[in-house]
Amino acid sequence: MEKLKALGYEDWFIDQVDEAKIAGHQVARVIAVHKDSYIVTDGSIEAFAECSGNLLYTVDSPAELPTTGDWVYTDFYDDQSHAIIHGVITRKTILKRKRPGKRVDFQLIAANIDVAYIVQSVDYNLNLRRLERYLVMANDSKITPVILLSKSDLISKDQVERIRTEIACFSPETNIFPFSNVTGENIESIKGSMLSGQTYCLLGSSGVGKTTL
């Protein structure tokens, strides 16, 4: 249980557990999704997983299938190298976006996220309208947003402060960290803001420095 708690398995999720299912299966967390297969962990090992036939045929929509971050009822096999997912524990938060097109349909990005780090570069790629859309996405999902302004070494400190001030006008309560992967500015502050047992994600367009961070 302690290893699960380190992954974010808090009392809220324990209260959602189906006693009948937990009696026959163990809890694991989905840490990656690859089309119809998954990687799950129980805090000790990681295993490739797939959904049981019963789960696949009883869900009403694809949104009820596991996504990254979900807590699931799982059985491990083959020396814990393979797993079968039998159900999804009720989600605390869901990060989703609208699919392209006129239909009102959503694509799940991740579940049970506590904090979303929204990465925006301060160079020519800076787009405050896009940033506002990410903030709306996080707030609608009841996920705490934190804004990370990457590539801060490319402009002056006065310019960085002007950007921070502009962002604070429409999102005054959101923490903002300018940082640089080159100079290391504020990297330790970002790491220090992360707490054990909390789940974080990075949001942002391609090229803003998410992978390097």
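Everything numeric here is computed off the predicted structure, so don't read it as measured data.

Time to look at helix α5 (residues 128-140). For α5, built from 13 residues, the straight-helix expectation of 18 Å at 1.5 Å per residue is met to within 8% by its first-to-last C-alpha distance of 18 Å. Looking at α5, one finds that the buried residues are L128, R130, L131, Y134, L135, M137 and A138. Close packing links the buried residues of α5 with β6 (94-98), β7 (106-111), β8 (115-121), β9 (144-150), α6 (157-170) and β11 (200-203). Taking the backbone nitrogen of R129 as reference, a side-chain oxygen 3.1 Å away marks N127 as the first, capping residue of α5.

Within the fold, I163 resides in helix α6. Sequence-wise, I163 and V122 are 41 residues apart; in three dimensions their C-alpha atoms are separated by 8.0 Å. When residues no more than four places from it in sequence are discounted, the contact partners of I163 are V122, L126, L149 and I155.

Quick look at unusual backbone geometry now. Phi at N112 takes a positive value of approximately 60 degrees, unusual for a residue other than glycine. Looking at N112, the relative accessible area reads 3%, which means it is buried.

Packing of α5 against α6 brings their axes to within 11 Å, and their N-to-C directions diverge by 45 degrees. With respect to their mutual orientation, α5 and α6 come out oblique. For α5 against α6, the interelement crossing comes out right-handed. Listed contacts from α6 to L128, L131, E132 and L135 of α5 are E166, I167 and F170.

A few words now on the environment of S37. Tracing the backbone through its elements, the reader meets S37 in strand β2 (residues 37-41). Among all residues touching S37, those that are not within four sequence positions of it are A32 and A49.

Taken in spatial order, the four strands of this open sheet run β10-β9-β8-β11, and their pairing is parallel. Two strands bound the open sheet, and with one partner strand each, they are β10 (175-178) and β11. Between one strand axis and the next, the sheet turns by 25 degrees as a mean value, whatever way the strands run. As judged from the four bridges shared by β8 and β11, these two strands associate in the parallel manner. When the sheet's bridge partners are listed, A116 is paired in β11 with C201.

Conventions we followed
Residues numbered from 1 in each chain as written. Predicted model: local features only at pLDDT ≥ 70, side-chain atom pairs only at ≥ 80, totals over all residues. Heavy atoms only, no water. Helix = DSSP H or I, 4+ residues; strand = E, 2+ residues; numbered from the N terminus. Expected span 1.5 Å × (residues − 1). Buried < 20%, exposed > 50% of the residue type's maximum accessible area, 1.4 Å probe, protein only. Contact = heavy atoms within 4.5 Å. Polar contact = N/O pair within 3.5 Å; in protein donor to acceptor, adjacent residues only side chain to side chain. Axes fitted to C-alpha atoms, helices over the stretch in contact; angles between N-to-C directions. Parallel < 35°, antiparallel > 145°, perpendicular 65-115°, else oblique. Left-handed = near helix turned anticlockwise from the far one by under 90°. Pairing = 2+ DSSP bridges.

Just geometry here; none of it tells us what the structure is for.
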